[in-house]
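# Understanding the architecture of this molecule
These are the residues of each chain, in order.
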Amino acid sequence: MGATEVLVVGAGPAGLTMANVLARQGVPFRVIDKKAGPVEESRALVVHAKTLELLDRLRLADRAVEEGQRMGSVALFSEGKPAGKITFLDDGAEDRTPFPFALVLEQDKTEQILIDGLEEAGGSVEWETELLSLATTPDGVRATIRRPDGSTESNEAGWVVGADGASSPVRHSLGLGFEGDTYEQTLFLADVQMEWGYGNRQVSIDLTRGGFYGFFPMPGEERFRLIGSVPEELKGKEHITAGDVQEVLDRRSGLKTRITDVRWTSVYRTHRRMTGRFRVGRVFLVGDAAHIHSPAGGQGMNTGIGDAYNLGWK
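This section reports on the structure supplied with the text. It should be emphasised that the depicted structure is a prediction, and the values quoted were computed from it without experimental measurement.

### A look at the layout of surface pockets
- Approximately 230 Å³ is the volume attributed to the second largest pocket.
- Taken together, Glu5, Val6, Met18, Leu22, Gln25, Val27, Trp159, Val161, Phe284, Leu311, Gly312 and Lys314 make up the full set of residues lining the second largest pocket.
- Secondary-structure elements contributing two or more residues to the lining of the second largest pocket are β1 (2-9), α1 (13-24), β11 (152-162) and α8 (299-313).
- In terms of residue class, the lining of the second largest pocket is built from 8 nonpolar, 2 polar and 2 charged.

### Examining the packing of α1 against helix α5 (residues 107-120)
- Where α1 contacts α5, the two axes come as close as 9 Å, and the packing angle between them is 20 degrees. For the element pair α1 / α5, the angle class is roughly parallel. Relative to α5, the crossing made by α1 is left-handed. Seen from α1, the contacting residues are Pro13, Leu16, Thr17, Ala19, Asn20, Ala23 and Arg24; seen from α5, they are Gln107, Glu111, Leu114, Ile115, Gly117 and Leu118.
- When grouped by side-chain class, the residues that make up the contact of α1 with α5 number 7 nonpolar, 4 polar and 2 charged.

### Comments concerning the environment of Ala64
- Mapped onto the fold, Ala64 is located in helix α3 (residues 61-67).
- With residues up to four places along the chain from it excluded, the contact list for Ala64 reads Leu52, Leu103, Leu105 and Ile113.

### Notes on unusual backbone geometry
- Phi at Glu79 takes a positive value of approximately 55 degrees, unusual for a residue other than glycine.
- You can see Glu79 is positioned in the loop between β5 (73-78) and β6 (81-87).

Reading the values: the criteria
- Residues numbered from 1 in each chain as written.
- Predicted model: local features only at pLDDT ≥ 70, side-chain atom pairs only at ≥ 80, totals over all residues.
- Heavy atoms only, no water.
- 1 Å grid on protein atoms, 1.4 Å probe; cavity = no way out; pocket = protein on both sides within 12 Å on 5 of 7 lines; lining within 4 Å.
- Points joined across faces, edges and corners; volume = space filled by probe spheres on them.
- Helix = DSSP H or I, 4+ residues; strand = E, 2+ residues; numbered from the N terminus.
- Nonpolar A, V, L, I, M, F, W, Y, C, P; charged D, E, K, R; others polar.
- Axes fitted to C-alpha atoms, helices over the stretch in contact; angles between N-to-C directions.
- Parallel < 35°, antiparallel > 145°, perpendicular 65-115°, else oblique.
- Left-handed = near helix turned anticlockwise from the far one by under 90°.
- Contact = heavy atoms within 4.5 Å.

In short, geometric facts, not functional conclusions.
Structural data, given as structure tokens:
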């Protein structure tokens, strides 16, 4: 039977942030994840100023800024015609934060920066290691864990942090609900290369009668994340093609562009849910295990990192 002060379940952005904070404070911990390794998909895309300030305390912000792309504004269009602009670069912005911009940086790169920082601080992730059950003890929590070879172990932890995503086994073990709802609108995501004539230092959003279409420049040559409303004729499709996305943009967005390559596409419904409690005894929930959001505004990953940092230093 092993023992540790803090057991972190989940090695996404929230769990990795927690591990980094604990490692730098000399708190004994383990961080486990049932996946074989870090995510390879871009997933969450925007890192906000406050998150960069937290990463800066871990001496990781400079790496993020170097790898990412700074966004100074959001340009709004109506049926392809300019309708306004929201800028982050107003007078005095640099007095409020050293990072007066939104940073476009894919989640897989954010996670790799956190993994590198953790390893430099002397820590590591135990991949292919799964939490099977939790039980409260007089002095903490007993966790039953499955190792990569299929054997099991019992681990005594002073505290457990559930950073294990929206389906959170930790939350389920506590018997907590996940109240909320699903947004009616079906959306598509696509990571593409495309011809673009509207500037690559801003997010562009086209509001149309048929829905909205967002164009997020990504690091690299003519790379973009597209987010948009799925029209009626495509609803029900489990997978949309590059041709489908091009046709939607041609017919419904006033911002004209031509897709030249597609990395991946996805169709999904978004949810808003939150558990009623973030702590039960010596077990805490952070990030998607505690709350999930619409991707609009880039709240999910950023709030998860904030959760973990705020809990970790305490």
